[in-house]
Amino acid sequence: MLASGGLAAMLGGLASTLPQMARAQDDDVVRIGYLPITDATPLLVAHAKGYFADEGLEAEKPTLIRGWAPLIEGFTSNKFNLVHFLKPIPVWMRYNNNFPVKIMAWAHTNGSALVVGRHTDVTDFAGLGGKQVAVPFWYSMHNIVLQYALREAGIKAVIKPQGEPLAADECNLQVLPPPDMPPALAARKIDAYIVAEPFNALGELKAGARMLRFTGDIWKNHPCCVVCMNEEVTNAKPDWTQKVMNAVVRGAIYASQNKAEVAQLLSKDGEGYLPAPGSVVTRAMTLYSDNANYIETGAIKNQTEYQNGRIDFQPWPYPSATKLIVEAMSNTVVSGDTTFLADLDADFVTQDLVNYDFVKNALEANPEWLNDPSVNPGDPYVRTEVLKL
């Protein structure tokens, strides 16, 4: 299902099963569902460090889910009341299926990259002409950033059957689940892939992948996964919701300040929240501008200006980024039905999809977030989006 249609096909199969409105959770236990990627870090750190307990909340051990479809199903059936989703997923859930999902905060910023196989001679995005590139889902930050870079380099994104001839200025896209990307690259079934960590680090260490460009070095401090809750729950239990968000924000701040420690904590060599070894997760969280090779090859070009890391954890959901995402979703080449996007007003979505109140309360109670270099101390809740190659 993923390979044939990406996110549109995957979620389309759920359309008939999603309840139009879900009942609020009957008890106050925090139940987290997550995928085994670094995007889930603030939720996992909040649990590991006891931040939910500090708020007087009972929290079950987070449940590892190996795909977006079952995570969505678990969330809509109230098995989970706190999850992280790729940002386009709640857009689809709310406006295509009328499900009361709310974005409560950003789970992280940056944290993705495009790697190429060592069997290729690709050194820039123009070199992706005539190549096969895998993305995790059609509606993803990865596809949006990739196609921006391809356009800037004069390359057309196309979706053609594998084996069909490509023009020199065409880059053929396909969807692959992230765990399948490193082995596909090693087997030369694809020439490159763009995805979240730790699969880029895993590709570098285990599949002969070569880093072409970090996405956060193109779109400055872009969001990817977001923290989501059911709007019915947030409306019915505002005090409980605030406590949950207090813990999540503390988790994000701690992760931002202690990346190496957190990488080991979450890895299979630590508490085992992520199945990847500590060396892989540590690389995925910490190896960046201090690696001279990344600078020399052009994988990093804008860090002096951007002042970001390989992955960062700043929770405020900037409206300007949401607006850009909604607009970009309509302009990105995908496979599948995009009808639900036709009437979406980006300004409306920025106010309707995101709840800013709880995360802002939590941030103001934890002013250390202002120390993050991505935050403008003059006006920390507003920013201008920056994209450039």
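As a reminder, the structure under discussion sits directly above these lines.
Structure report, in brief. Note that the coordinates shown come from a computational prediction; the quantities given were computed from them, not determined experimentally.

## A short note on the pattern of salt bridges
For step 1, the next point in the chain: Considering all chains together, one arrives at 18 salt bridges under this definition.
For step 2, the next point in the chain: A salt bridge links Arg 31 to Asp 27; the shortest N-O distance between them is 2.7 Å.
For step 3, the next point in the chain: In this structure, Glu 197 and Arg 310 form a salt bridge, with 2.8 Å as the shortest nitrogen-oxygen distance. Of this pair, Glu 197 sits in the loop between strand S10 (192-196) and helix H8 (199-206) while Arg 310 sits in the loop between helix H14 (303-306) and strand S13 (311-312), placing them 113 residues apart in sequence. Residues Glu 197 and Arg 310 agree in their burial class; the two are buried.

## Concerning the sheet that holds strand S6 (residues 112-117)
For step 1, the next point in the chain: Spatially, S8-S9-S7-S10-S6-S11 is the arrangement adopted by the six strands of the open sheet, whose pairing is mixed. Only two strands of the sheet have a single partner each, and these edge strands are strand S8 (156-158) and strand S11 (209-214). Direction aside, the axes of adjacent strands within the sheet are offset by 30° on average.
For step 2, the next point in the chain: Alignment of S6 against S11, held across five bridges, turns out to be antiparallel.

## Observations regarding the nonpolar core
For step 1, the next point in the chain: In terms of nonpolar packing, the biggest core is built from 135 residues, with Phe 52, Trp 68, Leu 82, Phe 85, Leu 114, Leu 128 and Leu 146 touching the most fellow members.
For step 2, the next point in the chain: Looking at which element gives the most residues to this core, the answer is helix H10 (residues 238-257), with 10 residues.
For step 3, the next point in the chain: The residues touching Leu 146, leaving out its near neighbours within four places in the chain, are Leu 114, Phe 125, Leu 128, Val 133, Val 135, Leu 173 and Ile 194.

## Structural notes on the packing of helix H2 (residues 41-48) against helix H11 (residues 259-266)
In a pair of packed helices, the angle between the axes and the distance between the axes together describe the arrangement.
For step 1, the next point in the chain: Interaxial distance between H2 and H11 falls to 11 Å at its minimum, and their mutual angle equals 80°. As judged from the angle between their axes, H2 and H11 are roughly perpendicular. Contacts from Thr 41, Leu 44, Val 45 and Ala 48 of H2 reach H11 at Val 262, Leu 265 and Leu 266.
For step 2, the next point in the chain: Within the contact of H2 with H11, the residues separate by chemical class into six nonpolar, one polar and no charged.

## A look at the side chain of Gln 132
For step 1, the next point in the chain: Secondary-structure assignment places Gln 132 in strand S7 (residues 132-135).
For step 2, the next point in the chain: Within polar-contact distance, the side chain of Gln 132 engages the side chain of Asn 172 at 2.9 Å.
For step 3, the next point in the chain: Those residues within four positions of Gln 132 in sequence are excluded, and the remaining contacts are Gln 162, Leu 166, Asn 172, Gln 174, Ile 190, Asp 191 and Ala 192.

## Some points on the sheet that holds strand S2 (residues 63-64)
For step 1, the next point in the chain: The five strands are arranged S2-S1-S3-S12-S4 in an open sheet whose pairing can be described as mixed. Each edge of the open sheet carries a strand with a single partner, namely S2 and strand S4 (101-106).
For step 2, the next point in the chain: Two elements, strand S1 (residues 32-34) and strand S3 (residues 82-86), share two bridges in a ladder whose sense is parallel. If you follow Gly 33 over to S3, its bridge partner there is Val 83.
For step 3, the next point in the chain: Lying over the sheet, H10 contacts S3, S4 and strand S12 (225-230), oriented at roughly 160° with respect to S12.

## Quick notes on unusual backbone geometry
Leaving glycine out, the prevailing phi sign among residues is negative, and the prevailing peptide bond configuration is trans.
For step 1, the next point in the chain: In this structure, the amide linkage connecting Glu 197 to the following residue, Pro 198, adopts the cis form with an omega of 15°.
For step 2, the next point in the chain: The residue Asn 110 is not glycine, and still its phi comes out positive at about 60°.
For step 3, the next point in the chain: Along the chain, Asn 110 turns up in strand S5 (residues 109-110).
For step 4, the next point in the chain: Asn 110 gets classed as buried once you look at its relative accessible area, which sits at 0%.

## A look at the pairing of S4
For step 1, the next point in the chain: Of all six residues that make up S4, six are buried, and the element is covered over most of its length.
For step 2, the next point in the chain: As paired elements, S4 and S12 share five bridges and run antiparallel to each other. The residue of S12 that forms the bridge with Ile 103 is Cys 228.

## Quick look at the environment of Glu 368
For step 1, the next point in the chain: In this structure, Glu 368 sits in the segment after helix H17 (357-365).
For step 2, the next point in the chain: Classification of Glu 368 by relative accessible area gives partly exposed; the value is 45%.
For step 3, the next point in the chain: A sequence separation of 262 residues divides Glu 368 from Trp 106, and the C-alpha atoms of the two residues are 16 Å apart.
For step 4, the next point in the chain: Sequence-distant contacts of Glu 368, defined by excluding residues within four places in its chain, comprise Ile 253 and Gln 257.

## Looking at the pairing of S7
For step 1, the next point in the chain: Across the two faces of S7 the burial is the same, with Gln 132 and Ala 134 and Val 133 and Val 135 all buried.
For step 2, the next point in the chain: Two strands pair when backbone bridges link them, and S7 and strand S9 (residues 170-175) are joined in this way by four bridges, in the parallel orientation. Residue pairing in the sheet places Val 133 in a bridge with Leu 173 of S9.
For step 3, the next point in the chain: Across two bridges, S7 lies against S10 in parallel orientation. Note that in S10 the partner of Ala 134 across the bridge is Tyr 193.

## Quick notes on the packing of aromatic side chains
For step 1, the next point in the chain: Applying the stated rule across the entire model yields 11 aromatic pairs.
For step 2, the next point in the chain: Taking the centre distance of 5.8 Å and the plane angle of 65° together, the rings of Trp 106 and Tyr 318 count as edge-to-face. Of this pair, Trp 106 sits in strand S4 while Tyr 318 sits in the loop between S13 and helix H15 (319-330), and the two are 212 residues apart along the sequence. For the pair shown, Trp 106 and Tyr 318 are each scored as buried.
For step 3, the next point in the chain: In this structure, Lys 360 packs its charged tip against the face of Tyr 381, placed 4.5 Å from the ring centre.

Here is what the cut-offs are and how they apply
Residues numbered from 1 in each chain as written. Predicted model: local features only at pLDDT ≥ 70, side-chain atom pairs only at ≥ 80, totals over all residues. Heavy atoms only, no water. Salt bridge = Lys/Arg side-chain N within 4 Å of Asp/Glu carboxyl O. Helix = DSSP H or I, 4+ residues; strand = E, 2+ residues; numbered from the N terminus. Buried < 20%, exposed > 50% of the residue type's maximum accessible area, 1.4 Å probe, protein only. Pairing = 2+ DSSP bridges. Axes fitted to C-alpha atoms, helices over the stretch in contact; angles between N-to-C directions. Core = buried A, V, L, I, M, F, W, Y, C linked by side-chain atoms within 4.5 Å. Contact = heavy atoms within 4.5 Å. Parallel < 35°, antiparallel > 145°, perpendicular 65-115°, else oblique. Nonpolar A, V, L, I, M, F, W, Y, C, P; charged D, E, K, R; others polar. Polar contact = N/O pair within 3.5 Å; in protein donor to acceptor, adjacent residues only side chain to side chain. Phe/Tyr/Trp six-rings, centres within 6.5 Å; stacked < 30°, edge-to-face > 60°. Lys NZ or Arg CZ within 6 Å of the ring centre and 35° of its normal.

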